[in-house]
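Single-letter residue listing:
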Amino acid sequence: MKQALLLLTLMSFYLSLSGQSVGGDALQVYPNPVVESFEVDYRGQLSSLRVMNMFGREVARFAYEEGKDYNIGNLPRGMYLVQFRDRQNAVVKTQRLKKQ
């Protein structure tokens, strides 16, 4: 019963985050899956990136810079969520990222 409730909670959390998108496919993260670092291709205004584990806990934070590599080599393998925020701190998009 506890496992089913936890799974339901995680799924609803993920679905609520995945629905947050204002830039559509214009924002790209590559490579995905990532081994050491990833890059972001986006023409809009971003301020920061938050990397969260699948429980929603922030595990890394970066200031956005165009053309920058974001190193997550210190994180364990698994699935993560990358949340992109604009200069008003509003969520622009949340995207899944697989760490190998």
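Basis of the calculations
- Residues numbered from 1 in each chain as written.
- Predicted model: local features only at pLDDT ≥ 70, side-chain atom pairs only at ≥ 80, totals over all residues.
- Heavy atoms only, no water.
- Helix = DSSP H or I, 4+ residues; strand = E, 2+ residues; numbered from the N terminus.
- Buried < 20%, exposed > 50% of the residue type's maximum accessible area, 1.4 Å probe, protein only.
- Contact = heavy atoms within 4.5 Å.
- Areas by Shrake-Rupley, 256 points an atom, 1.4 Å probe, with all protein chains shown as cover.
- Pairing = 2+ DSSP bridges.
- Salt bridge = Lys/Arg side-chain N within 4 Å of Asp/Glu carboxyl O.
- Polar contact = N/O pair within 3.5 Å; in protein donor to acceptor, adjacent residues only side chain to side chain.

**Q** Even after reading the chapter, I still don't get the overall build of the chain, so can you show me in this structure?
**A** Per the secondary structure count, the chain includes one helix and seven strands. Secondary structure of the chain in N-to-C order comes out as α-β-β-β-β-β-β-β. Relative to its full complement of 100 residues, the chain shows a buried share of 33%. Nonlocal contacts in the chain, meaning residues at least 24 apart in sequence, comprise 54% of its contacts between residues at least 6 apart. If you sum the accessible surface of the chain, you get close to 6,400 Å²; carbon and sulfur atoms cover 53% of it.

**Q** It is not clear to me how the sheet that holds strand β1 (residues 28-30) should be interpreted in this structure. Could you clarify?
**A** Strand order in the open sheet formed by three strands is β1-β2-β5, with antiparallel pairing between adjacent strands. The outermost strands of the open sheet, each flanked by one partner alone, are β1 and β5 (70-71). As paired elements, β1 and strand β2 (residues 37-41) share three bridges and run antiparallel to each other. The residue of β2 that forms the bridge with valine 29 is valine 40.

**Q** Looking at this structure, I do not really get the pattern of salt bridges. What am I missing?
**A** For side chains of opposite charge, pairing can occur when their charged atoms come near one another. All told, the structure shown has four salt bridges when counted by the stated rule. A salt bridge links arginine 43 to aspartate 41; the nearest nitrogen and oxygen atoms lie 3.1 Å apart. Using a relative accessible area of 71% as the deciding quantity, one classes arginine 43 as exposed. When its relative accessible area of 29% is taken as the criterion, aspartate 41 is described as partly exposed. A salt bridge links arginine 61 to glutamate 58; the shortest N-O distance between them is 2.7 Å. On the basis of relative accessible area, glutamate 58 is assigned to the partly exposed category, the value being 29%.

**Q** Please explain the side chain of asparagine 53 as it appears in this structure.
**A** Along the polypeptide, asparagine 53 turns up in strand β3 (residues 48-53). Its relative accessible area of 15% is what places asparagine 53 among the buried residues. Within the local environment of asparagine 53, its side chain forms a polar contact with the backbone nitrogen of arginine 57, the two atoms lying 3.0 Å apart.

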